[in-house]
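This is what each chain is made of:
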Amino acid sequence: MNDLLYVNGGTPLNGTITVRGAKNFVSKAMVASLLGEGPSVLRNVPQIRDVGVVTGLLELHGVKVVADEVAGTLHLDPTDVESAHVADIDAHAGSSRIPILFCGPLLHRLGEAFIPDLGGCRIGDRPINYHLDILRQFGAVVDKREQGIHIRAPRRLQGTKIALPYPSVGATEQLLLTAVRAEGITELSGAAIEPEIMDLIAVLQKMGAIISVDTDRVIRIEGVDKLMGYQHTALGDRIEAASWGSAALATGGDITVKGATQPEMMTFLNTFRKVGGEFEVQEDGIRFYHPGGDLNAIVLETAVHPGFMTDWQQPLVVALTQAKGLSIVHETVYENRFGFTDALRGMGATIQVYKECLGGLPCRFGQRNFHHSAVISGPTPLSAADIEVPDLRGGFSHLIAALAAKGTSTVRGIGLIDRGYEYFQDKLDALGADVSRG
Ligand code: EPU
């Protein structure tokens, strides 16, 4: 596949596109199918590379996966689950962090699991210490080896009481996927409660799990002896929807995103309105548009749900380069998520990054060497450039910047965007963008 995209920008994006199921839910629901004694059916599945990676990993472990890509349906049959070879797991996992979430289900089914060296987006260290601590607390034995980490369960995993130091999405999912079939009760405090996690809980409940969620980030799970397959329709991708909303704002356009839902996007919609964007919630989607006139500078802090998602930050920053005045963005989820602003500066944006916690409460990255606050001064016209995609969300933001900039930009490494944005080039075509693969 050619990894270059030429973007002739400077014209507003106008039109209608559709987003399907959330990347950060679908992959976890696919893993959950391993826990069932019968087949599962997952609907509204997008055709993105991360789904392909998890499909490959499930197949390596003996799960039969039948996909109808047009309909967006996956049939997952875990009847013949088996151990996979270390080298195969490594080869299939690519840069995905998903193998870590196979551990709980595989420990229950096979008594052992293996995690290769993990990748994911280059947005910080992305450690897995919470995951390993959780598995150990259930009674698993973790053994770090040269090719990766081997984990085994000498006996049935035992329910436990765990407090997370930070409401990590992945660690909360790890705990859920492990606790549902552990013996006895598990209590997690400091849990993440993102909508994608709530949808995973809904899937597990359909499978036969007993899970309660309190208002104070406490989740309680009563372990059961067996689980069944499930049938479920994935919630929509609120990160992709917000990315297109930001693209409408940055290019002065008007984009209707079918499949976008208001309850999961309330925090984004509030911010979108404060910046000066307008939106219309429709029966089957949300229309995002630039009403004309100046956009407003804002002060923004990313946070865990129900705060402003870290994954919404990069696309919106591109729109903020077009807002009048000084905007301040404090990133509190990842220590290193402003690397993408280098390219924006090269295109004419005025953005400075700081180690201090600006504009909000001190976060765990303050007083350390992380450039995790940004000040954006606008509006500044953007000009075309030669850009290298750094990571999924940063890369999509570069794409938005190129679409807003006058002239023809060359965006390299565009394949990274296929990881999480389904048919993005077709969608750009549908919105009237002038783009072509190099
Ligand atoms: N953390 C640790 N130790 C751990 C796990 C996490 O210190 O063992 C820290 C991380 O370094 C980070 C913070 O906790 O500073 C939050 O990380 P979290 O575990 O919540 O993130 P994740 O589960 O690895 C998922 C999404 C990310 C999204 C975050 C936050 C998936 C596959 N990934 O990552 O999505 O940014 O939650 O909402 O669900 C993306 O879609 O582009 C993406 C990066």
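Here the residue numbers are simple positions, counted from 1 along each chain's written sequence. Since the coordinates come from a predicted model, pLDDT governs what is reported: local features require at least 70, and pairs of side-chain atoms require 80 or more to be given and counted, while whole-chain, interface and lining totals use all residues. As a rule here, side-chain values cover all heavy atoms of the structure and leave hydrogens and water aside.

## Topic: the domain arrangement of the protein chain
1) Next: These domain limits were set by an automatic method or by a database of domain assignments. By the assigned domains, the protein chain splits into domain 1 (4-19 + 236-437) and domain 2 (23-233).
2) Next: Between the C-alpha centres of domain 1 and domain 2 the distance comes to 30 Å.
3) Next: Contact definition: two residues touch when any of their heavy atoms are within 4.5 Å. Contact with domain 1, which involves 27 residues of that partner, is made by 24 residues of domain 2.
4) Next: In total, about 2200 Å² of surface goes out of reach between domain 1 and domain 2, with carbon and sulfur atoms giving 47% of it.
5) Next: A per-residue breakdown of the area domain 1 buries against domain 2 is headed by Val 304, His 305 and Arg 419, which together make up 31% of the total. Summed over both partners, the accessible area lost on bringing two parts together, with a 1.4 Å probe, is the buried area.

## Let's talk about the pairing of strand S5 (residues 73-77)
1) Next: We call two strands paired when DSSP finds no fewer than two bridges between them. Helix numbers and strand numbers start at the N terminus; a helix is a DSSP run of H or I with at least 4 residues, a strand a run of E with at least 2. Where strand S3 (residues 40-43) meets S5, three bridges bridge the pair, whose relative direction is antiparallel. If you follow Leu 42 over to S5, its bridge partner there is Leu 74.
2) Next: As paired strands, strand S4 (residues 64-68) and S5 are joined by five bridges and run antiparallel to one another. Its bridge partner lying in S5, Ala 67 is registered against Leu 74.
3) Next: Taking the residues between adjacent antiparallel strands as the criterion, S4 and S5 are bridged by four residues, where Gly 72 takes a positive phi near 75°.

## A closer look at the site of the ligand
1) Next: Neighbouring residues are identified by heavy atoms, a residue being near a molecule or strand if any of them is within 4 Å of it. Near the ligand you find 23 residues, and of these Lys 28, Asn 129, Ser 168, Val 169 and Val 333 are the closest.
2) Next: Pairs of N or O atoms within 3.5 Å make up the polar contacts considered here, provided that, within protein, one atom can donate a hydrogen while the other can accept it, and that residues adjacent in sequence are counted only when both atoms are side-chain atoms. Measuring from an oxygen atom of the ligand, one finds a side-chain N or O atom of Lys 28 at 2.7 Å.
3) Next: For the ligand, a nitrogen atom lies 2.7 Å from a polar atom in the side chain of Asn 129.
4) Next: For every accessible area listed, the method is Shrake-Rupley and the probe measures 1.4 Å; residues are considered covered only by the protein chains on display. A total of 830 Å² of accessible area belongs to the ligand in isolation, and the protein chains cover 91% of it.
5) Next: Elements with a contribution of two residues or more to the shell around the ligand: helix H1 (23-32), helix H5 (129-137), helix H6 (169-179), helix H10 (310-320) and helix H12 (392-404).
6) Next: Split into classes, the residues belonging to the shell around the ligand amount to nine nonpolar, six polar and eight charged.
7) Next: Taken domain by domain, the makeup of the shell around the ligand includes at least three residues from each of domain 1 (4-19 + 236-437) and domain 2 (23-233). Gly counts as polar in this scheme, as do all residues outside two lists: the nonpolar Ala, Val, Leu, Ile, Met, Phe, Trp, Tyr, Cys and Pro, and the charged Asp, Glu, Lys and Arg.

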